[in-house]
Amino acid sequence: MTLIARAAPRVEPDGEFRRVAGRAISAIFIIGGVLTCTLSASLGDSGAMVVAIMFGVGAVAVLAGLILWRLPWQRWSRRASLWTLVPAMLLTSLGNWAEPDPWLASIFSFLLAVWVGTSQRRGTTLLLGPVFAVTYWAPLALAPHAPGLENSVFYVTATCVLAGESVAWLTSRLHGVQRRLREHDERRFQALLAASSDATLVIGPDGRFGYVSPSVARLLRAPLEEIQALSAAEVVARHVRAEDAAMLQERLRYLLDDPGTEVTVRFQVRADEGWRDVEGIARNLCDDADVRGVLVTLRDVSERTDLERALTEQAFTDQLTGLPNRALLQDRTEQVLRAADRTGEPAALLLIDLDRFKEVNDTLGHHNGDLLLQQVARRLTGVLRGSDTVARLGGDEFAVLLPTVGGVEDALAVSAKIADALDTPFLLEGLSLEVDGSVGVAVYPDHADDSSQLLQRADVAMYAAKTGHLRQVAYDPRLDQHNPHRLGLLGQLRRAITGGELVVFYQPKADASSGAILGAEALVRWQHPEHGLLAPNEFIPLAETTGLIRQLTSYVLATALRDCRAWRDAGHDVSVAVNVSARCLLDLELPVEIQRLTEEHEVPTDRLIVEITESVIMSDPNRALEVLNRLHALGVRLAIDDFGTGYSSLAYLKNLPVQELKVDRSFVTHMRERESELAIVRSTVDLGHNLGMHVVAEGVEDAATWQELSALGCDEIQGYFLGRPMPAGDVIGWLGSHRALSSAQS
C-alpha cells in the first residue's frame, strides 16, 4: 500500500543503555579529573613537579570526559567502548605514581571496575583483573611509597573484580527481566494488532513489507504469506482499483519527499463482488529509529460509505414516487441556471398541481391516493426528455425542470404535452379516474433572476391557472395582483416589525431520557390587527424577498434573549433556539450583533442556539462557513434544522462547527407506521452521534413515539406531546408546573 523508505544505519535494541553507559564513564573522567585537580593544590610539600603532574592529570581527565560525553555511544557495540579503559588506567597509574598515597587510585580503580561490570558482559571484569593489578602495582614498583603498600595489590584487585562481577551479575539479571518484558509486550502488541479491524503496514527500504498485520489479509481477501512475498507496488497493482492506483502512488511519492509528513488516502480495493472502500493514514517515519519506514494504517469503510449513500438517497429522494424531492430540485435548478448563464440558453420551471386529488384520498383512502401519485410520476417521466428533471414537491404538487428551452412558447408547448398526458384516465383498482392538472410556467431569465424567484414565479403562475380553471399559465407580473392579501401584508410588514405587532412564542424541548426541560425554540407570529394571529409561512417569505428579514431576525433574537434572561432570573437555566435565514447567515455582521445582544441581556452565549437549514448552508458554503466559525468562536451553539429535507453534502456537513442535528418532523411523525421512516430516523441518530452531534427529534405527538426515540438513542425531543408553542408570559409558569410534576413523579 506504499512506496519504499530510505535506508538508515542499523541501531541495536540496547542503544539507549549503551548511551547511558558511555555518559557514565564520561562522568567518571570528569569527576576524577576535578578531584585530582583539587588534590594537587594540597600537595605543595611534594614539590612543584608533583603538583604540576597531578594538576595535568586532572585537567586531561576533565577534557577527556567532556569529549567522551559527546560521542555517539549508542552506535557502538558494548565491546567497542572498552577502549576508554586504556586512557582511564593510564591516568590512574600516572596519578598513583605522582602521589605516594594510592587511596585515590584505589577508588577510581573500583569505579572503573563497577563501570565495566555495568556496561559489559559477565566475566569481563574477571578477565581484566590482571590489567587492574598491573595498573595499581606498576606505580608502586617504580616510585617510592610507604612500606607494605605492595601487599595491598591483591586486596584492591580482588575487591575491584568482586565488585565488577557482582554488578555484572545484577545487570545481566536486569537485562533478562527487561528482555522478557519486551517479549511480553511484543506478543501482546501482536495479539492486539491481529484482533484489530484496522490494517497496519510498514514498508522497508527495499520496497517490501517490513511488517504486515493479520488484518491486512482480511482487508485484501488474500493470504498473509502472499502479501508478504510481494512488493508494495505489486500489491497496489493486484488489489487497488486502477483509477485509484495512480493517485495512491502520487500521494505516497509526495509523502516520501518529507520525513514526518502525514497524508490521508482513500481508495477502493477488490472484493469478492465489486469493490470496497478503504481509507487510511500514511506517515513518513524514516527518521524514527524504531520504524525506519513508512507506517500505513488502513480501515474498511464500506459500511459507512454505503450508509452515507443510503442517507443521501433517502434525504434527497421522494420515498413514495422515487422522484427527486424539493431539495434536490433546488440544487439542480441552481446548476441549470449557472449553465444557462454560460450558454445564454433559457431554462424553464413548471409547477403542476393535481385537481380533485383530495376527492381520491377522501373516497378511496390514502393508499389509493399514493398509488395514483406513483402513476402520475411514471406518466410525467414518460413524456419528457431524459435531461429533464421531474420532482415531487409534496402532496399532489410536482415540478418539471427544463434545462434548455427556446423560450416561453416552447415551455408552454411542454406544459401542454404534460396536460395532455394527465387527461388520459388513470386506472386504479378497476376504476377509471380522471385527474386534471394545473400547470404554471416560469422561464429564466425572462421571469426571474435566481432559482428561488423562479420557483416563486412558477408558483404564482400555477396558482393563477388553478384559480382560473386553466390547464396552463405562463408567469406575468400582473398575475401577482391575483393575491391582494399577500400584497397587503407586504406593505404592512415593516410597520409590524417596528410597531411591535410581532410576538414570539416558545415551544419547549426536553431530554429524551429524563424528560427534563433543556430549552425552547423561538417561533415568531404576527398579531395582525385585521387578520388575527398569522403563522410564519404567511409573512417570513415576504420578509426574505424584501430584505426585511434582517430586521425581523434582530427583533426575534433580542426578544428571545430578553425572555431567556427572565427565565434564568426565575431559576430556570434553559437555552433558547432561534432560526436564521440564508440572507442573515451570509451576513458577516451577524456574529457581532449576537455578541452585543448576549452581553446586553447578560445571557451566556452557550445558552443561545442558532438553527439553520441545510439549504441555507449550501446557498453559499464558503461564506456560511465563515459566519458559522465566528459564531462557534463566540460559544454560540449551532444546529442543523429539518435535517434530511435539504441537499447538503455529508462530506461538507462533517466539517461544520455544528453541535446539534434536528430530525425533520416529516420523518418522525410516521416513524411508527412506516419502516422506511423509522430507518431514516435511526440512521440519522447514528450519523449524528458518529459526527459528535446532539440529535433532536421534532414532531413528537405521542408517548409511544417519544419512547421509541429514546430507545433509538435520540438526545432531545420537541413536539405537541411535550408542549405546544406558548406566549412568553406562559413559559415561566409552564416550566414551574413541569418541574413540580417531574419532582412529584420522581
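In this text, all values refer to a predicted model and were calculated from it rather than measured experimentally.

Now for the pattern of salt bridges. When the charged atoms of two side chains with opposite charge come close together, those side chains can pair. Within this structure, the stated rule accounts for 25 salt bridges. Residue arginine 241 is joined to glutamate 243 by a salt bridge in which the shortest nitrogen-to-oxygen separation is 3.4 Å. Between glutamate 626 and arginine 630 there is a salt bridge; the shortest N-O distance is 2.9 Å. Note that glutamate 626 and arginine 630 are positioned in helix α24 (residues 621-634) at a spacing of four residues, about one turn of the helix. According to the relative accessible area criterion, glutamate 626 is partly exposed, its value standing at 33%. Given the relative accessible area of 37%, arginine 630 is considered partly exposed.

Judged by pairing direction, the sheet is antiparallel, and its five strands sit side by side in the order β2-β1-β5-β4-β3 without closing on themselves. Looking along the sheet, the strands with just one partner apiece sit at the ends: β2 (209-212) and β3 (262-270). Recorded for the sheet is a direction-independent mean angle of 25 degrees between the axes of neighbouring strands. Where strand β1 (residues 199-203) meets β2, three bridges bridge the pair, whose relative direction is antiparallel. Residue valine 202 lies in a different strand from β2, and its bridge partner there is tyrosine 211. On top of the sheet, helix α10 (residues 232-239) reaches β2, β3 and β4 (275-285); it is set at about 45 degrees to β3, its chief contact.

Taken in spatial order, the five strands make up an open sheet running β7-β8-β6-β11-β12, and their pairing is mixed. This sheet does not close on itself; its edge strands, each paired only once, are β7 (389-394) and β12 (472-474). Taken over all neighbouring pairs, the strand axes of this sheet differ in orientation by 20 degrees on average, direction set aside. The strands touched by helix α17 (residues 451-467) within the sheet are β6 (347-354), β8 (397-402), β11 (437-444) and β12, with β11 carrying the most contacts at an inclination of about 145 degrees.

In this structure, alanine 474 sits in strand β12. As a C-alpha pair, alanine 474 and glutamate 409 span 65 residues in sequence and 9.1 Å in three-dimensional space.

Bringing the nonpolar core into the picture now. Among the nonpolar cores identified, the biggest contains 78 residues, and Tyr506, Phe539, Leu552, Leu608, Ile640 and Leu709 are the most heavily contacted of them. With eight residues, the top contributor of residues to this core is helix α20 (residues 549-569). If we ignore the near neighbours within four places in the chain, the residues touching leucine 608 are Leu557, Leu561, Val576, Val578, Ile594, Thr598, Val636 and Arg637.

Turning next to helix α14 (residues 357-364). All buried positions along α14 are accounted for by Phe357, Val360 and Asn361. Take α14 and look down its axis: the buried residues cluster within an arc of 95 degrees, on one side only. Facing away from the buried side of α14, by more than 90 degrees, are the exposed residues Lys358, Asp362 and Thr363. Elements that come into contact with the buried residues of α14 comprise β6, α15 (366-382), β9 (426-428) and β10 (431-433). The first or second residue beyond α14 is glycine 365, which carries a positive phi of 95 degrees.

Turning our attention to the packing of aromatic side chains. Per the counting criterion, the structure on display carries four aromatic pairs. Look at tryptophan 706 and phenylalanine 721: their rings are 6.0 Å apart centre to centre, the planes differ by 90 degrees, and that puts the pair in the edge-to-face class. Of this pair, tryptophan 706 sits in helix α28 (residues 703-712) while phenylalanine 721 sits in the loop between β21 (716-718) and β22 (726-727); the two residues are 15 residues apart in sequence, bridging distant segments of the chain. The exposure class assigned to tryptophan 706 is buried, which follows from its relative accessible area of 16%. Its relative accessible area of 40% is what places phenylalanine 721 among the partly exposed residues. One cation-aromatic arrangement involves arginine 525 over phenylalanine 505; the distance from NZ or CZ to the ring centre is 5.8 Å. Over the face of the ring belonging to tyrosine 720 we find arginine 724, whose NZ or CZ atom lies 4.0 Å from the ring centre.

Here we take up the confidence of the model for the protein chain. Averaged over every residue, the pLDDT of the protein chain is 82; residues scoring 70 or more account for 88%. Across residues 1-13, confidence stays below pLDDT 50; counting only partners more than four residues off in sequence or on other chains, it has 45 contacts.

Moving on: the pairing of strand β17 (residues 608-613). Counting buried residues along β17, five of its six residues qualify, which places the element largely inside the surrounding structure. Where strand β16 (residues 575-579) lies against β17, four bridges are found, and the strand directions are parallel. Within β17, the position partnered with alanine 577 by the bridge is isoleucine 609. Here β17 runs beside strand β18 (residues 637-643); their pairing, made up of five bridges, is parallel. In the strand pairing of β18, threonine 613 is matched with aspartate 641.

Looking now at the packing of helix α13 (residues 326-343) against α17. Remark: α13 packs on α17, axes separated minimally by 9 Å, with the N-to-C direction vectors making an angle of 115 degrees. Of the possible angle classes, the one that applies to α13 and α17 is roughly perpendicular. Crossing of α13 over α17 shows right-handed handedness. Of α17, the residues touching α13 (which contributes Arg326, Gln330, Thr333, Glu334 and Leu337) are Ser451, Ser452, Leu454 and Leu455. Broken down by class, the residue content of the contact of α13 with α17 amounts to three nonpolar, four polar and two charged.

Okay, the side chain of aspartate 355 next. Topologically, aspartate 355 is positioned in the loop between β6 and α14. Here serine 438 takes part through its side chain, which lies 3.3 Å from a polar atom of the side chain of aspartate 355. One polar contact links aspartate 355 to lysine 466, side chain to side chain, over a distance of 2.7 Å. Not counting residues up to four positions away in its chain, the partners in contact with aspartate 355 are Val435, Asp436, Gly437, Ser438 and Lys466.

We now examine helix α22 (residues 590-601). Compared with the 16 Å implied by 1.5 Å per residue over 12 residues, the 17 Å span of α22 between its first and last C-alpha is a close match. Buried residues of α22: Leu590, Pro591, Ile594, Leu597, Thr598 and His601, and no others. Projected onto a plane normal to the axis of α22, the buried residues spread over an arc of 130 degrees and lie on a single side. Check the buried side of α22 and you find it contacts α20, α21 (582-585), β17 and α24. Remark: glutamate 602 follows α22 within two positions and exhibits a positive phi of approximately 55 degrees.

Reading guide: rules and limits
Residues numbered from 1 in each chain as written. Predicted model: local features only at pLDDT ≥ 70, side-chain atom pairs only at ≥ 80, totals over all residues. Heavy atoms only, no water. Salt bridge = Lys/Arg side-chain N within 4 Å of Asp/Glu carboxyl O. Helix = DSSP H or I, 4+ residues; strand = E, 2+ residues; numbered from the N terminus. Buried < 20%, exposed > 50% of the residue type's maximum accessible area, 1.4 Å probe, protein only. Pairing = 2+ DSSP bridges. Axes fitted to C-alpha atoms, helices over the stretch in contact; angles between N-to-C directions. Contact = heavy atoms within 4.5 Å. Core = buried A, V, L, I, M, F, W, Y, C linked by side-chain atoms within 4.5 Å. Arc of directions from axis to C-beta. Phe/Tyr/Trp six-rings, centres within 6.5 Å; stacked < 30°, edge-to-face > 60°. Lys NZ or Arg CZ within 6 Å of the ring centre and 35° of its normal. pLDDT = per-residue confidence, 0-100. Parallel < 35°, antiparallel > 145°, perpendicular 65-115°, else oblique. Left-handed = near helix turned anticlockwise from the far one by under 90°. Nonpolar A, V, L, I, M, F, W, Y, C, P; charged D, E, K, R; others polar. Polar contact = N/O pair within 3.5 Å; in protein donor to acceptor, adjacent residues only side chain to side chain. Expected span 1.5 Å × (residues − 1).

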